[in-house]
Amino acid sequence: MEANADYTQDATVDFRGHPALSSKTGKWKACAFLVGYEAFERMAFYGVASNLVNYLTSQLHEDTVSSVRNVNNWSGSVWITPILGACIADSYLGRFWTFTLSSLIYVLGMTLLTVAVSLKSLRPTCSNGICKKASTSQIAFFYTALYTMAIGAGGTKPNISTLGADQFDDFNPNEKELKASFFNWWMFTSFLGAFIASLGLVYIQENLGWGLGYGIPTAGLMLSLLIFYIGTPIYRHKVRTTSTPARDLVRVPIAAFRNRKLQLPTDPSHLYEHNLQHYVSTGKRQFYHTPALRFLDKAAIKEDSAGSKRVPLTVTQVEGSKLIFGMALIWLVTLIPSTIWAQINTLFVKQGTTLDRNLGPHFRIPSASLGSFVTLSMLLSVPMYDRFFVPFMRQKTGHPRGITLLQRLGIGFSIQIIAIAIAYAVEVRRMHVISANHVAGPKDIVPMSIFWLMPQYVLIGIADVFNAIGLLEFFYDQSPEDMQSLGTTFFTSGIGVGNFLNSFLVTMVDKISGRGDKKSWIGDNLNDSHLDYYYGFLLVMSSINLVVFLWVSSRYIYKRESIRVKESLCVQMEGNPTLDASLSLQV
């Protein structure tokens, strides 16, 4: 056993497929090569997303509702396609190779996008203040570039963060402690890239040229990929233990339905399960029985009880499916918060264009640059959360994370409600200033500083330290080991669906509120609309959603799995700390 003391205990391997050496692979020294890519990728994404609504209206001359809808649809696609990328990674190529191929597609999309905004022939022209509409070929080229980028994101987003988390051995106490901070600092680098984009790139786009504003992050993305591949020899890789890990999501409900007339044993230990040695030898983790979704337990009724020769599914397979279904319920109540977040790059930006953006006699703040306060508040809040809040709460609660993952989400959702309430109040004031000064024209500047919008941006940034990081960690932590890439897509797809939902709401609200001679809540002329009504609508929805979240989270049962030390075959339970510790096993 001494000869193997330096190998990782979680069955990870190096690039050549050999058991990974703990001293020479993984940990933060490997993550250093990964976070560089994340920072540049976020800079590229937000360099496009932060100001896309302005590009569509000012350069392609789309109307407000169409531009908001198109931004939401594209952003939604960027966050939805990771479902496909995760399936490919978990079932076929693995995280490293799926990321590798997808990153090349991502760079291709950014390159095409830089070409689209740089060449005059690919943009509509203006003459004497009259601008032509974009031609079909111009629109087709631009959106082809955008959606090529979205396809590439599908394979990079779910795999780069999980590859980073794989660099820490859960069976090593020191590395497990390091991993507890991983997602906080991972998102810190993500926020850093977004901050540079919303503060610097947006200014370059509007003042020095769109081509330069897109070309810089494209070059940065290429450089980050080079850095990523330099670190290849020290990365750890999880070995797939099954070819189609997601198939149990189908098999378990079918088996449970087939056995629906059978009686469940009163003692869960009578359900079918492999012996402990099976999990030790295969490198998989065993899940222990939980009382949630008891109907699915019928899929694990033993053969002699069922009177059939069909081999039942194991408790571990059933519990893995329970986890996914339980996470799906949590996922549903994250959609409204994702819809609130979608306002940052759409209506908040358009709202800012109507306000006084002058900072001194010669400098005008780009409306999209106010998004930098979201990321700045995140950058300041993450170290405070990790270094002060967590240790303080850990002393109070005894929980290794300070607070549970769902408590973290609840705090974030509550802060977000305060943010949208402030957004509503600021918009009410903006409408009052418009009325008092009679500035209802579509290009009139409301005599009100754009910095009135700053509190809502800052609060959404603080909320995201709880929301975004909490969701990413929750879905990674609670996923079955073979489906952690797929589990991470709960996080990305929630944001994607939130964008689609916002697109749908904006379209429907515009159609319904603008019927007949009524004033639309979201019109081309925001100075003669009722955006305050829309924010009030979102406030009511998010408040109701918080109540539903509290009810769902109070019934969620965290996963209970074995944490093995191979040398002694000692098995410990990891999961909800409130569960009975007597259920731990030792052989």
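Note that residues are indexed from 1 along each chain, following the sequence as it is written. Whole-chain, interface and lining totals are the exception, using all residues; otherwise, since this is a predicted model, local features are given only for residues with pLDDT of at least 70 and side-chain atom pairs are given and counted only at 80 or more. With hydrogens and water excluded, all non-hydrogen atoms of the structure serve as input to the side-chain values.

- Under an unreviewed UniProt entry, the name given to the protein is Protein NRT1/ PTR FAMILY 5.1, and the source organism is Vigna mungo.
- UniProt annotates the protein under Subcellular location (unreviewed entry) with the comment "Membrane".
- UniProt positions are given in the numbering used here, feature names are shortened, and annotations may be inferred rather than shown by experiment. Quoted verbatim from the Sequence similarities (unreviewed entry) field of UniProt, the annotation for the protein is "Belongs to the major facilitator superfamily. Proton-dependent oligopeptide transporter (POT/PTR) (TC 2.A.17) family."

### Things to note about the overall build of the protein
- Helical segments are the DSSP runs of H or I of at least four residues, strand segments are the runs of E of at least two, and each set is numbered from the N terminus. Across its full length, the protein carries 18 helices and 6 strands.
- If you take every contact in the protein between residues at least 6 apart in sequence, the share linking residues at least 24 apart comes to 80%.
- Here, Shrake-Rupley sampling with a 1.4 Å probe gives the accessible areas, and only protein chains in the shown set may cover a residue. Put simply, the protein shows about 24,900 Å² of open surface, and 64% of that area lies on carbon and sulfur atoms. Any two residues whose heavy atoms approach within 4.5 Å at even a single point are treated as in contact.

### Looking at helix 16 (residues 454–478)
- Working rule for helices: expected span equals 1.5 Å times residues minus one. Between its terminal C-alpha atoms helix 16 stretches 35 Å, which fits the 36 Å expected from 25 residues at 1.5 Å a residue.
- A residue's bend is given by the angle between axes fitted to the 7 residues ending at it and the 7 residues starting at it. When the local axis directions of helix 16 are compared, the greatest deviation, roughly 40°, occurs at Asp 464.
- Partly exposed describes any residue whose relative accessible area lies between the buried limit of under 20% and the exposed limit of over 50%, with all areas from a 1.4 Å probe on protein chains only and scaled to the type maximum. Where burial is concerned, most of helix 16 is hidden: 19 out of the 25 residues are buried.

### Notes on a nonpolar patch on the surface
- Among the surface-exposed residues, Phe 15, Tyr 92, Leu 93, Trp 97 and Leu 101 lie close enough to one another that they form a single nonpolar patch of about 560 Å² accessible area.
- Mapped onto the fold, Tyr 92 is located in helix 4 (residues 82–118). Patches in this entry comprise residues that are over 30% relatively accessible and not in a salt bridge; like charges within 9 Å are linked, as are nonpolar side chains (Val, Leu, Ile, Met, Phe, Trp, Tyr) within 5 Å. A pairing counts as a salt bridge when a side-chain nitrogen of Lys or Arg comes within 4 Å of a carboxyl oxygen of Asp or Glu.

### A closer look at the pattern of salt bridges
- Enumeration over the complete set of coordinates arrives at 13 salt bridges.
- Here Arg 95 makes a salt bridge to Asp 166, at a shortest N to O gap of 2.2 Å. With Arg 95 in helix 4 and Asp 166 in the loop between helix 5 (136–165) and helix 6 (173–207), this pair connects stretches of sequence that are 71 residues apart. Here the two residues Arg 95 and Asp 166 agree in accessibility, since each one is buried.
- A salt bridge links Asp 297 to Lys 322; the shortest N-O distance between them is 2.8 Å. Of this pair, Asp 297 sits in the loop between helix 9 (276–282) and helix 10 (303–306) while Lys 322 sits in helix 11 (residues 315–332), and the two are 25 residues apart along the sequence. As far as burial versus exposure is concerned, Asp 297 and Lys 322 are alike and both buried.
- Through salt bridges with shared partners, a single network forms among Arg 401, Arg 408, Glu 473 and Asp 477.

### Re the environment of Trp 79
- Mapped onto the elements of the fold, Trp 79 is located in helix 3 (residues 64–80).
- Note on Trp 79: relative accessible area 5%, which makes it buried.
- Beyond its immediate chain neighbours, meaning those up to four positions away, Trp 79 contacts Arg 42, Phe 45, Lys 157, Phe 491, Thr 492, Ser 493, Ile 495, Gly 496 and Asn 499.

### With respect to the confidence of the model for the protein
- The quantity called pLDDT is the predictor's confidence in a given residue, expressed from 0 to 100. Taken over all residues, the pLDDT of the protein has a mean of 81, while the share at 70 or more is 90%.
- Note on residues 565–574: pLDDT under 50 across the span, and 34 contacts to partners over four residues away in sequence or across chains.
- Throughout residues 576–587 the model reports pLDDT below 50, and contacts reaching past four residues in sequence, or to other chains, amount to 13 contacts.

### Description of the pairing of strand 4 (residues 446–449)
- Only one face of strand 4 is buried: it carries Val 446 and Met 448, and the other face, with Pro 447 and Ser 449, is open.
- Should DSSP find at least two bridges between two strands, the strands are regarded as paired. For strand 3 (residues 355–356) and strand 4, the ladder comprises 2 bridges, and the chain directions are parallel. Each bridged residue has a counterpart across the sheet, and for Leu 355 the counterpart in strand 4 is Val 446.

### What to know about the packing of helix 1 (residues 27–49) against helix 6
- Fitted lines through C-alpha atoms give the axes, limited to the stretch in contact for helices. The angle between two N-to-C directions lies from 0 to 180 degrees. It is the contact of helix 1 with helix 6, at a shortest axis distance of 7 Å, that shows an interaxial angle of 30°. In terms of orientation, helix 1 and helix 6 fall into the roughly parallel class. Considering only the axes of helix 1 and helix 6, their crossing is right-handed. Each angle receives one of four descriptions, namely roughly parallel if under 35 degrees, roughly antiparallel if over 145, roughly perpendicular if within 65 to 115, and oblique otherwise. Each crossing gets its handedness from the near helix: less than a right angle anticlockwise from the far helix is left-handed, clockwise is right-handed.

### Focus on the packing of aromatic side chains
- Any two of the Phe, Tyr and Trp rings considered here, Trp counted by its six-membered ring, make a pair once their centres fall within 6.5 Å; the pair's planes then place it as stacked at under 30 degrees, edge-to-face at over 60, or tilted in between. Scanning the entire structure with this criterion turns up 36 aromatic pairs.
- With 5.1 Å between their ring centres and 25° between their planes, Tyr 385 and Phe 389 make a pair best called stacked. Of this pair, Tyr 385 and Phe 389 both sit in helix 14 (residues 372–397), 4 residues apart, which is roughly one turn of that helix.
- Judged by relative accessible area, which is 26%, Phe 389 ranks as partly exposed.
- Considering the side-chain rings of Phe 474 and Phe 475, the 5.2 Å spacing of their centres and the 70° angle between planes classify their relative orientation as edge-to-face.
- Taken together, the ring pairs in this structure connect Phe 15, Tyr 37, Phe 96, Trp 97, Phe 99, Phe 228, Tyr 229 and Tyr 235 into an aromatic cluster.
- Seen from the ring of Trp 79, Lys 157 lies directly overhead, with NZ or CZ sitting 4.1 Å from the centre.
- Lysine NZ or arginine CZ positioned within 6 Å of the ring centre and within 35 degrees of the ring normal marks a charge as sitting over the ring. Above the ring of Phe 257, the side-chain terminus of Arg 260 is found at 4.1 Å from the ring centroid.

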